[in-house]
Amino acid sequence: MIGIYGGTFDPVHFGHLRTALEVKEAFALDEIRLIPCFIPPHRDSPSVPASMRLRMLELALEGRVGMTIDTREMDRGGPSYMVETLASLRVEIGDRPLLLFIGADAFAGLTTWYQWQRLFEFAHVVVMTRPGFNEQVVDGFLTSRLTESRQVLKEHSAGYLFFQSVTRLEISATAIRQIIAKHRDPGFLLPESVIQYIRQHKLY
Ligand code: ATP
């Protein structure tokens, strides 16, 4: 199974990295691909160019086997619609199961995503929740796709909704940008190599 983890990564931090690692282990994934978006359709434009967000991801993942970066959204340009990303991945991987990981905050807005129902044609959607979180799915389309079985995900290439609890670290890129803007120390919120890159290029 292949997992994908999309984000702005402006900058990447331990909240992203820890959850990506945990889901890779929980689903015994061959690979988890982090996909930095080019233009996020649902939020303000990133404050740092795509090439620099990508470089920070590379630094963060250095030496990590099975955690890779997929640049298709940056290569494609334009607004980064997840349904297009999944469609192009599907062409490459044949009928192997594909898991799209999203945080609970992203899941709350899922039904506003461009052609959101079609996401399930190409992948399963796995929502990363904090332990003890009780999922509340009201949308009928989504409830009909809910499963509690990892086996079901393995046996189908796409189409199901699953909730996976992860250690949610209270870290956000927004808070990190604010800390840096105030000339405070972001240490231990993100990898030191990324902090050095931010300093070197005077980002945020
Ligand atoms: P910003 O603060 O700029 O909105 P962010 O820190 O939320 O950024 P994104 O790159 O927008 O990061 O998030 C990408 C994905 O990572 C989303 O699915 C989001 O839910 C998830 N995510 C972000 N922060 C965490 C965290 N601390 N723990 C777990 N998942 C997270």
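Look a little higher up for the structure.
A brief structural summary. As the structure is a computational prediction, the values presented were derived from the model and not from experiment.

A word on the packing of helix α2 (residues 50–61) against helix α10 (residues 192–200)
Orientation of α2 relative to α10, taken along the N-to-C sense of each, is 150°, at an axis distance of 8 Å. Classed by the angle they form, the pair α2 and α10 counts as roughly antiparallel. In this structure, α2 meets α10 at a crossing whose hand is right-handed. Along its contact with α2, which presents M52, R55, M56, L59 and A60, the element α10 presents S193, V194, Y197 and I198. Across the contact of α2 with α10, the residue classes tally to seven nonpolar, one polar and one charged.

Structural notes on the site of the ligand
In the vicinity of the ligand, 21 residues are found, and the nearest of them are H13, D105, L169, A173 and T174. In this structure, a nitrogen atom belonging to the ligand sits 2.9 Å away from a main-chain N or O atom of I171. A distance of 3.1 Å separates an oxygen atom of the ligand from a polar atom in the side chain of R177. The protein chains hide 89% of the 600 Å² of surface that the ligand would expose on its own. Elements that contribute at least two residues to the shell around the ligand include exactly β1 (2–7), α1 (14–26), β4 (98–103), α5 (104–108) and α9 (173–181). Split by residue class, the shell around the ligand holds seven nonpolar, 10 polar and four charged.

Quick notes on α10
Buried within α10 we find V194, I195, Y197 and I198. Down the axis of α10, the sector holding all buried residues measures 160°, keeping them to one side. In α10, the exposed positions angled more than 90 degrees off the buried face are occupied by R199 and Q200. On the buried face of α10, the contacting elements are α2 and α9. Looking one or two places after α10, you find K202, whose phi comes out positive at around 50°.

Comments concerning the pairing of β1
Burial runs high along β1: five of the six residues are buried. Sheet topology places β1 next to strand β2 (residues 31–36); six bridges connect them, and they run parallel. Bridge pairing in β2 links I2 to E31. Following the backbone out of β1, through α1 and into the adjacent parallel β2, one traces a crossover that is right-handed. Note: β1 against β4, four bridges, orientation parallel. If you follow I4 over to β4, its bridge partner there is L100.

Overview of the sheet that holds β4
The strand order across the open sheet formed by six strands is β3-β2-β1-β4-β5-β6, and the pairing between neighbours is parallel. Edge positions in the sheet fall to β3 (67–69) and β6 (161–165), since each of these pairs with one other strand and no more. Averaged over neighbouring strand pairs, the angle between their axes works out to 30° when direction is ignored. Seen against the sheet, helix α4 (residues 82–93) touches β1, β2 and β4 and runs at an angle of roughly 155° to β4.

A closer look at the pattern of salt bridges
Tallied over the entire structure, the rule returns 11 salt bridges. A salt bridge links E58 to R55, with the shortest nitrogen-to-oxygen separation between them at 2.8 Å. Residue E58 and its partner R55 are located together in helix α2, separated by three residues, close to a single helical turn. For R55, a relative accessible area of 32% puts it in the partly exposed group. Between R72 and D70 there is a salt bridge, with the nearest N and O atoms lying 2.9 Å from each other. Judged by relative accessible area, which is 13%, R72 ranks as buried. Its relative accessible area of 6% is what places D70 among the buried residues. Three or more residues joined by partner-sharing salt bridges are found here, namely E31, R33, D70, R72 and E92.

Conventions adopted
- Residues numbered from 1 in each chain as written.
- Predicted model: local features only at pLDDT ≥ 70, side-chain atom pairs only at ≥ 80, totals over all residues.
- Heavy atoms only, no water.
- Axes fitted to C-alpha atoms, helices over the stretch in contact; angles between N-to-C directions.
- Helix = DSSP H or I, 4+ residues; strand = E, 2+ residues; numbered from the N terminus.
- Parallel < 35°, antiparallel > 145°, perpendicular 65-115°, else oblique.
- Left-handed = near helix turned anticlockwise from the far one by under 90°.
- Contact = heavy atoms within 4.5 Å.
- Nonpolar A, V, L, I, M, F, W, Y, C, P; charged D, E, K, R; others polar.
- Near = heavy atom within 4 Å.
- Polar contact = N/O pair within 3.5 Å; in protein donor to acceptor, adjacent residues only side chain to side chain.
- Areas by Shrake-Rupley, 256 points an atom, 1.4 Å probe, with all protein chains shown as cover.
- Buried < 20%, exposed > 50% of the residue type's maximum accessible area, 1.4 Å probe, protein only.
- Arc of directions from axis to C-beta.
- Pairing = 2+ DSSP bridges.
- Right-handed = clockwise from strand over helix to strand, strands pointing away.
- Salt bridge = Lys/Arg side-chain N within 4 Å of Asp/Glu carboxyl O.

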